[in-house]
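# Structural characterization, general
This is what each chain is made of:
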Amino acid sequence: MVPEGWDATILGDCVSIRSGSTPSKQRVDFWGGSIPWISAKDLKLHRIRNAQLHLTERGVVTAKLAEENSILVLVRGMTLLKDVPIGLVTRPVAFNQDIKALVASPNADPEFLSYMLVGKKRVLMGLVNTANHGTGRLDTELLRALPVHLPPLPEQRKIAEILSTWDRAIETTEKLL
């Protein structure tokens, strides 16, 4: 049952989906700069700001960028056999071809959508199949067709604010421990 005022829709009606890429690793002038290049190993936290590898200004020209408030979802890799990493970008980053960037439409709050997707990880895991070489694969069309319930925008923002507050409290507690 959908709460009153909430829209039953699909994820594809709330976001546009963009693909990533990997600049040539043979070009040393592409790597070692200041622009984070996100791969599966960087999708460990909910808020994504940095990466293990970085691109130069030259390298980023050949890459795909995710703007601040994009949602990154791993769609290919061994990790998908046990988890579906999801992160909210807090600054512009480049990202590889194993990741999709979801850009929220005007009727959707990106932070709310990121938390909603985290809450649907079990459903997303059920959509993962295996590619020929045994790695996990989350088909973009299945992701696009994912059913979602979207409250009015002010309510989305309030829910996201509450969840963000809890996340910060958990992070602070973990640091203290």
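Residues numbered from 1 in each chain as written. Predicted model: local features only at pLDDT ≥ 70, side-chain atom pairs only at ≥ 80, totals over all residues. Heavy atoms only, no water.

### Focus: the packing of helix α2 (residues 110-119) against helix α5 (residues 153-176)
Following both chains from N to C, one finds α2 and α5 inclined at 65°, their axes separated by 8 Å at the closest point. For the element pair α2 and α5, the recorded crossing hand is left-handed. Between α2 and α5, the residues in contact are Glu111, Phe112 and Tyr115 and Gln156, Ile159, Ala160, Leu163, Ser164 and Asp167, respectively. Of the residues belonging to the contact of α2 with α5, the class tally is five nonpolar, two polar and two charged. (Axes fitted to C-alpha atoms, helices over the stretch in contact; angles between N-to-C directions. Helix = DSSP H or I, 4+ residues; strand = E, 2+ residues; numbered from the N terminus. Left-handed = near helix turned anticlockwise from the far one by under 90°. Contact = heavy atoms within 4.5 Å. Nonpolar A, V, L, I, M, F, W, Y, C, P; charged D, E, K, R; others polar.)

### Some words on the sheet that holds strand β13 (residues 136-138)
Spatial strand order, β8-β13-β12: three strands in an open sheet with antiparallel pairing. The open sheet terminates on both sides in strands that have one partner only, identified here as β8 (76-77) and β12 (128-130). Pairing geometry for β12 and β13, over three bridges, is antiparallel. Residue asparagine 129 lies in a different strand from β13, and its bridge partner there is arginine 137. (Pairing = 2+ DSSP bridges.)

### Regarding unusual backbone geometry
The backbone of asparagine 69 shows a phi angle near 75°, a positive value even though the residue is not glycine. Counting through the fold element by element, asparagine 69 comes out in the loop between β6 (65-66) and β7 (71-74). The class of asparagine 69 is partly exposed, set by a relative accessible area of 37%. (Buried < 20%, exposed > 50% of the residue type's maximum accessible area, 1.4 Å probe, protein only.)

### Let's talk about the packing of aromatic side chains
The final tally for this structure, using the stated rule, is one aromatic pair. Summarising the aromatic geometry, the rings of tryptophan 31 and tryptophan 37 are spaced 5.1 Å apart at their centres and angled 90° between planes, so their arrangement reads as edge-to-face. The buried category is assigned to tryptophan 31, whose relative accessible area is 16%. Between the NZ or CZ atom of lysine 25 and the centre of the ring of tryptophan 31, over which it lies, the distance is 4.8 Å. (Phe/Tyr/Trp six-rings, centres within 6.5 Å; stacked < 30°, edge-to-face > 60°. Lys NZ or Arg CZ within 6 Å of the ring centre and 35° of its normal.)

### A word on α2
The element α2 is extensively covered by neighbouring structure, given that eight of its ten residues are classed as buried. For α2, the set of buried residues is Pro110, Glu111, Phe112, Leu113, Ser114, Tyr115, Met116 and Leu117. Measuring from the side-chain oxygen of the N-cap residue of α2 to the backbone nitrogen of glutamate 111 gives 3.2 Å; that N-cap residue is aspartate 109. (Polar contact = N/O pair within 3.5 Å; in protein donor to acceptor, adjacent residues only side chain to side chain.)

### Let's talk about the sheet that holds strand β10 (residues 93-95)
Pairing in this open sheet of four strands is mixed, and the strands run β5-β3-β10-β6 from one edge to the other. Because the sheet does not close on itself, it has two edges, and the strands there are β5 (53-55) and β6. Relative to β10, β6 runs antiparallel, the two sharing two bridges. The residue bridging leucine 65 from the neighbouring strand is alanine 94, located in β10.

### As for the environment of alanine 104
By secondary structure assignment, the location of alanine 104 is in strand β11 (residues 99-104). For alanine 104, a relative accessible area of 22% gives the class partly exposed. Apart from residues lying up to four places away in sequence, alanine 104 is in contact with Cys14, Val15, Pro110 and Leu113.

### Regarding the nonpolar core
As a rule of thumb, nonpolar side chains are buried together in soluble globular proteins. By size, the foremost hydrophobic cluster in this structure holds 37 residues, and its most contacted members are Leu72 and Leu117. Every element with two or more residues in this core is listed here: β2 (15-19), β7, β9 (86-89), β10, β11, α2 and β14 (147-150). Ignoring sequence-local partners within four residues, the contact set of leucine 117 consists of Leu11, Ile71, Val73, Ile86, Leu102, Leu124 and Leu146. (Core = buried A, V, L, I, M, F, W, Y, C linked by side-chain atoms within 4.5 Å.)

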